[in-house]
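Listed below are the residues making up each chain.
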Amino acid sequence: MAAASVPVGGSAQVKDPATGDAVYIVQPKAGQYCGLSAVCTHSGCAVDAPKNGQLYCPCHGSRFDAATGAVVNGPATKPLPRYGVTKDGDKLNLGPLQS
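Remember, predicted model here, so these are calculated numbers, not experimental data.

Criteria and thresholds
- Residues numbered from 1 in each chain as written.
- Predicted model: local features only at pLDDT ≥ 70, side-chain atom pairs only at ≥ 80, totals over all residues.
- Heavy atoms only, no water.
- Helix = DSSP H or I, 4+ residues; strand = E, 2+ residues; numbered from the N terminus.
- Buried < 20%, exposed > 50% of the residue type's maximum accessible area, 1.4 Å probe, protein only.
- Lys, Arg positive; Asp, Glu negative; His and termini not counted.
- Salt bridge = Lys/Arg side-chain N within 4 Å of Asp/Glu carboxyl O.
- Polar contact = N/O pair within 3.5 Å; in protein donor to acceptor, adjacent residues only side chain to side chain.
- Contact = heavy atoms within 4.5 Å.
- Disulfide = S-S within 2.5 Å.
- Pairing = 2+ DSSP bridges.
- Axes fitted to C-alpha atoms, helices over the stretch in contact; angles between N-to-C directions.

1. Topic: the side chain of Asp16
(1) Moving on: Turning to its location among the elements, Asp16 is positioned in the loop between β1 (11-15) and β2 (22-29).
(2) Moving on: Although Asp16 lies buried, it forms no salt bridge, and the closest oppositely charged side chain, Lys15, sits 10 Å away as judged by the N-O distance.
(3) Moving on: At a separation of 2.6 Å, a polar atom in the side chain of Asp16 contacts the side chain of Tyr83.
(4) Moving on: Apart from residues lying up to four places away in sequence, Asp16 is in contact with Asp21, Val23, Tyr83 and Leu94.

Quick look at the structure:
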């Protein structure tokens, strides 16, 4: 994916090649990229794209920090799974799921 498609404070959606699950690549600060699972850790619903620095789950209202995946508001208690993202020239590559 082109790095230019992920604006600072924004995101772009890709798929985890291993599972097919949706992943948001975010750039919370210039030059910092991270991948966050789009699957809510509470009951597996799809979270909305990051907005105002948070990802919101429409099923039960959980909110997550769009820079780190940390829980901002329950009922979820676990952060969103994170993926490494590497930049190669003007391209971004989704890395493996981090533990």
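2. Details of the state of the cysteines
(1) Moving on: Under the definition given, this model contains one disulfide.
(2) Moving on: The disulfide partner of Cys45 is Cys59, and the S-S distance across this bridge is 2.1 Å. A torsion of -105° about the S-S bond marks the disulfide between Cys45 and Cys59 as left-handed. Pair noted here: Cys45 is in the loop between β3 (32-37) and β4 (54-56) and Cys59 is in the loop between β4 and β5 (63-65), with a separation of 14 residues, a long-range link.
(3) Moving on: Owing to a relative accessible area of 41%, Cys59 belongs among the partly exposed residues under this scheme.
(4) Moving on: Cys40 carries a free sulfur, and the closest cysteine sulfur to it, the one in Cys57, is 3.9 Å from it.
(5) Moving on: Overall, the relative accessible area of 3% leaves Cys40 in the buried class.

3. Description of the pairing of strand β8 (residues 91-97)
(1) Moving on: One ladder, built from five bridges, connects strand β7 (residues 82-88) with β8; its direction is antiparallel. Each residue of the ladder has a partner; that of Val85, found in β8, is Leu94.
(2) Moving on: Hairpin connection, β7 to β8: the antiparallel pair is bridged by two residues, and Gly89 has positive phi, about 65°.

4. Some points on the sheet that holds β7
(1) Moving on: An order of β1-β2-β3-β7-β8 is seen for the five strands of this open sheet, with the pairing classed as antiparallel. In this open sheet, the two edge strands, each paired with only one partner strand, are β1 and β8. The sheet shows a mean angle of 30° between the axes of neighbouring strands, direction not considered.
(2) Moving on: Pairing of β1 with β2, which is carried by five bridges, proceeds in the antiparallel orientation. Among the inter-strand pairings, Ser11 is bridged to a residue of β2, identified as Val26.

5. Comments concerning the environment of Asn52
(1) Moving on: Relative to the helices and strands, Asn52 resides in the loop between β3 and β4.
(2) Moving on: With 42 residues separating them along the chain, Asn52 and Gly10 place their C-alpha atoms 9.2 Å apart.

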